Protein chains: 2
Amino acid sequence: MSEKSHRYCVIMCGGIGSRFWPYSRTDLPKQFIDFFGTGRTLLQMSYDRILSVVPKENILILTNSIYAPLVKEQLPDISDSQILLEPARRNTAPCIAWAAYHIAALDPEASMVVTPSDHLITNEKEFEKSITRGLEFVETRDALLTLGINPTRPETGYGYIQIGAECEPGILKVKTFTEKPNLELAKVFLDTGEFFWNSGIFLWKTSAIINAFHEYCPDVVTIFDAGLEIFGTQDEAAYIERNFPSCMNISIDFAVMEHASNVYVECVSFGWTDLGTWSALYDNSPKNKDANVTQNCNVLSYNSNGNIFAIRGEKLVVVSGLNDYIIADAGDVLLVCPKSEEQRIKQMVNDSKLNFGDKYL
Amino acid sequence: MSEKSHRYCVIMCGGIGSRFWPYSRTDLPKQFIDFFGTGRTLLQMSYDRILSVVPKENILILTNSIYAPLVKEQLPDISDSQILLEPARRNTAPCIAWAAYHIAALDPEASMVVTPSDHLITNEKEFEKSITRGLEFVETRDALLTLGINPTRPETGYGYIQIGAECEPGILKVKTFTEKPNLELAKVFLDTGEFFWNSGIFLWKTSAIINAFHEYCPDVVTIFDAGLEIFGTQDEAAYIERNFPSCMNISIDFAVMEHASNVYVECVSFGWTDLGTWSALYDNSPKNKDANVTQNCNVLSYNSNGNIFAIRGEKLVVVSGLNDYIIADAGDVLLVCPKSEEQRIKQMVNDSKLNFGDKYL
């Protein structure tokens, strides 16, 4: 078993959170927002949670260059060398590959946790146990491990993992990954008991993921192999700045996980939610007596139920006769949309861009 | 017939427009807003419209002290001596009485028009003719004249005037004033052809209205009679400052019009609307292809019809599945309320005061 000092964590926080537009904006995406009014943003909560598993100095923040000031402000304990700044958005595979090469250069024995920064996890003790257990598993073999969540409803917004043979108690071989299913299929998945939600939290040794890239999607790591000697040196940032933009734009699932033969799932239950949708946020937030959820704002409501109010600033919101809506306001953009139509938001963002350029993104 | 130089106009603009809250706020009531995006506020439109009837220097602005800067900014042609600043809100009777005493001191022969500043009048030529005709009527007799609007629908938001015998073509004796009726009664009023909407625009000689105050509500003018010699002098403002707050709080209708025997109505039709309600504003505003009305804002709407958007600032509003609502935003307050429930707004303002003090008024 590896020492704790060989354990690293990469927190990814470069996304723009467009599904929460306009509450989440390009200049302040959702991971940088204190969604639950706890005084900690989603990024800060992700950082806090991993601190008990991984030494502070081994936590890396992977983000887009434009968010460097936000990261430094929200995580003042992190040193500049722990922040990896992508000069361009290239989906998850290239940035995870970079992080793996970076960590491997610092510590050839390293294992790593890769985690998004915008999930809600309610049972931190259980999270700590699950991560530790998973690290122990990957540290002793050439395995790619993903955390699978026991599904509680036929959710159509998540990817699913079909489980195969049990390898160790609670850790099983992955049979297939399945993209977001329709409702009918999701119900079947739930009934069979063979499917778990894909959390997008991954654990592996750096050597294992680098090997997997070479085997299943070598194009992603060409530029990293070409610059092997620069990782961990002061030239790394300039090298990445120059070469990263030419990386393939591809997700880690599509590049590696769906193809590799050594993929395992650890079945966990630490109160996980991908806060990917307004409805998920609504479901996971405390509600007032009218079943309304309020984010950072004062609300006077009349004959209004089941709404979610997400308003930046000290704003008073007064509503009457509104049920099951999203009311989101970020200063210069106001959105009023039924929760059931939240899949339209992507189109709205596009229409806004078409009509008004980047102004309201 | 009096010379034009004896004609005065008093534009009242001290109201806070709470029925348009939060678009209209204590710090910027509706009369100071460019409601139709024409580049002129309601107050400026009221001023422009009276200019052809009354000499510029005979136009007085009656407002609350706190709005002096707004009046000066919006009407730069007006001199300070033309602005009468009420130190307290005492409804219409005391401020009209003050204006009458003020004008009488400047010109004992004066006739005057009293007009609110927040009405919409679409036919300015007809307005000019009607006002001139009315002034000619009151200048030759001891009469109190109000302008009555031929009703086009059983509006429950207006006061009505029942007409009596015709005195001159288009000018009739007033039989009764009636407060806002319920819908059933309003329909009866409409059917009889005997009722006109009360516009709240009054015409009279200053001597006639001062006589009427003495006869029907002398308490209102006690403080003005006690200081007769100060009107038109530099001591007037200080005298008003000291004594005005002790005036009765009463409307001109209740103090005089409903009791006096020499009240007449001139039946006019110059495209008048009391912009007293959101629905009235909606009805009188240009609509886009989805029958939405937008005030000063960019709107992207999906499956949404019949709404009115009144938003201060360069804001983008995105709505989906919303029909016949008021969406009003003034920076720190957002209101979303069905048009049919706009009578609740008063309660909302009260609730806001109860919960948050004066902050959002």
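Now for a quick tour of the structure.

Reading the values: rules and limits
Residues numbered from 1 in each chain as written. Chains lettered and ligands numbered in written order. Predicted model: local features only at pLDDT ≥ 70, side-chain atom pairs only at ≥ 80, totals over all residues. Heavy atoms only, no water. Buried < 20%, exposed > 50% of the residue type's maximum accessible area, 1.4 Å probe, protein only. Helix = DSSP H or I, 4+ residues; strand = E, 2+ residues; numbered from the N terminus. Contact = heavy atoms within 4.5 Å. Polar contact = N/O pair within 3.5 Å; in protein donor to acceptor, adjacent residues only side chain to side chain. Pairing = 2+ DSSP bridges. Axes fitted to C-alpha atoms, helices over the stretch in contact; angles between N-to-C directions. Buried area = accessible area lost by both parts, 1.4 Å probe. Salt bridge = Lys/Arg side-chain N within 4 Å of Asp/Glu carboxyl O. Least-squares fit on C-alpha atoms with pLDDT ≥ 70 in both.

Further remarks concern helix α1 (residues 42-50) of chain A. Residues and elements named next belong to chain A. Counted residue by residue, α1 has eight buried out of nine residues, so it is predominantly covered. Along α1, the positions that sit buried rather than exposed are Leu42, Leu43, Gln44, Met45, Ser46, Tyr47, Arg49 and Ile50. Next to the buried residues of α1 lie β1 (7-12), β2 (59-64), α2 (68-74), β4 (111-116), β5 (119-121) and α4 (124-139).

Moving on to the environment of Asp34 of chain B. Residues and elements named next belong to chain B. Counting through the fold element by element, Asp34 comes out in the loop between β1 (7-12) and α1 (42-50). Along the chain, Asp34 and Gln44 lie 10 residues apart, while their C-alpha atoms are 8.9 Å from each other. Not counting residues up to four positions away in its chain, the partners in contact with Asp34 are Gly39, Arg40, Thr41, Gln295 and Asn296. Here the side chain of Asp34 touches Thr38 through a polar contact of 3.0 Å, landing on its backbone nitrogen. Within the local environment of Asp34, its side chain forms a polar contact with the backbone nitrogen of Gly39, the two atoms lying 2.9 Å apart.

Strand order in the open sheet formed by six strands is β13(A)-β15(A)-β17(B)-β16(B)-β14(B)-β12(B), with mixed pairing between adjacent strands. Lying at the two open borders of the sheet, with one neighbouring strand each, are β13 (298-302) of chain A together with β12 (293-295) of chain B. Pairs of neighbouring strands in the sheet enclose a mean axial angle of 5 degrees, with direction left out of account. For strand β15 (residues 316-320) of chain A and strand β17 (residues 333-338) of chain B, the ladder comprises four bridges, and the chain directions are parallel. For Val319 of chain A, the partnering residue across the bridge sits in β17 of chain B and is Val336 of chain B. Along the sheet, helix α11 (residues 345-356) of chain B contacts β13 and β15 of chain A together with β16 (325-329) and β17 of chain B; its crossing angle with β13 of chain A, the most-contacted strand, is approximately 145 degrees.

Let us look at the interface of chain B and chain A. With 35 residues of chain B in contact, the opposing surface of chain A contributes 35 residues. Together, the buried faces of chain B and chain A total about 2,900 Å²; carbon and sulfur atoms form 56% of this surface. Remark: the boundary between chain B and chain A carries four salt bridges. Between Lys359 of chain A and Glu314 of chain B there is a salt bridge whose closest N-O contact spans 2.2 Å.

In this section: the relation of the copies chain B and chain A. Superposition record for chain B on chain A: RMSD 0.1 Å, screw rotation 179 degrees, translation along axis 0.1 Å. Those values place the two copies in the arrangement expected of a two-fold rotation axis. In terms of proximity to the rotation axis, the leading residue of chain B is Gly331 of chain B, whose C-alpha is 3.7 Å off the axis. In this assembly the copies share their binding face: 100% of the residues contributing to the interface of chain B also contribute to that of chain A.

Once that is clear, we can look at unusual backbone geometry. With glycine set apart, most residues show a phi of negative sign, and most peptide bonds adopt trans. A cis geometry characterises the amide bond from Trp21 of chain A onward to Pro22 of chain A, with omega recorded as 5 degrees. In this structure, Ala291 of chain B takes a positive phi of about 60 degrees despite not being glycine. The residue Ala291 of chain B is located in the loop between α10 (278-283) and β12 in this model. Its identity as a non-glycine residue notwithstanding, Asn303 of chain B has a phi of 55 degrees, on the positive side. Mapped onto the secondary structure, Asn303 of chain B falls in the loop between β13 (298-302) and β14 (308-311).

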